[in-house]
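Results of the structural survey
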Amino acid sequence: MVFSFFKRSKTKELKNQVEFCMTNLSLGAADVYDVLVERDDVEITELGCTSNCEICEANLFTIVNGDIIKAEDSQQLLDLVERELEENSVLS
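Here goes a summary of the coordinates provided. All of these numbers come straight from a predicted model, not from anything done at the bench.

Description of helix 3 (residues 74–87)
In a regular helix each residue adds 1.5 Å, so 14 residues correspond to 20 Å; helix 3 covers 20 Å between its end C-alpha atoms and thus fits that length. The set of residues buried in helix 3 consists of L77, L78, V81, E84 and L85. Along helix 3, the residues classed as buried sweep out an arc of 130° about the axis, all on the same side. Opposite the buried face of helix 3, by more than 90 degrees, sit the exposed residues E86 and E87. In this structure D73 caps helix 3, since a side-chain oxygen of it lies 3.2 Å from the backbone nitrogen of Q75.

What follows is the structure, encoded as structure tokens:
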């Protein structure tokens, strides 16, 4: 009989990763968060700081699968994020 000391990790469903800076959420990106949180293909992470302060001061932004997406307002950010998810999804 073979015995393993290593636990098998449960298979985790692959999802697109979207990261939000907490400060940027309070500046208006929360509207985008509210839409994306309803999607089954997205896993959202809220970070205290993403070390993108220059972008955060000037724009709304989020990080989608490692790529920074920035916009002037929440509707534009949502449109750009949805386009990025469509064109560069980790699921395709």
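Some details on the pattern of salt bridges
Any two side chains of opposite charge can pair if their charged atoms end up close together. Under the counting rule described, the total for this entry stands at 1 salt bridge. With a closest N to O distance of 2.7 Å, R39 and D41 form a salt bridge. With relative accessibility at 27%, the residue R39 sits in the partly exposed group.

Calculation notes
- Residues numbered from 1 in each chain as written.
- Predicted model: local features only at pLDDT ≥ 70, side-chain atom pairs only at ≥ 80, totals over all residues.
- Heavy atoms only, no water.
- Helix = DSSP H or I, 4+ residues; strand = E, 2+ residues; numbered from the N terminus.
- Expected span 1.5 Å × (residues − 1).
- Buried < 20%, exposed > 50% of the residue type's maximum accessible area, 1.4 Å probe, protein only.
- Arc of directions from axis to C-beta.
- Polar contact = N/O pair within 3.5 Å; in protein donor to acceptor, adjacent residues only side chain to side chain.
- Salt bridge = Lys/Arg side-chain N within 4 Å of Asp/Glu carboxyl O.

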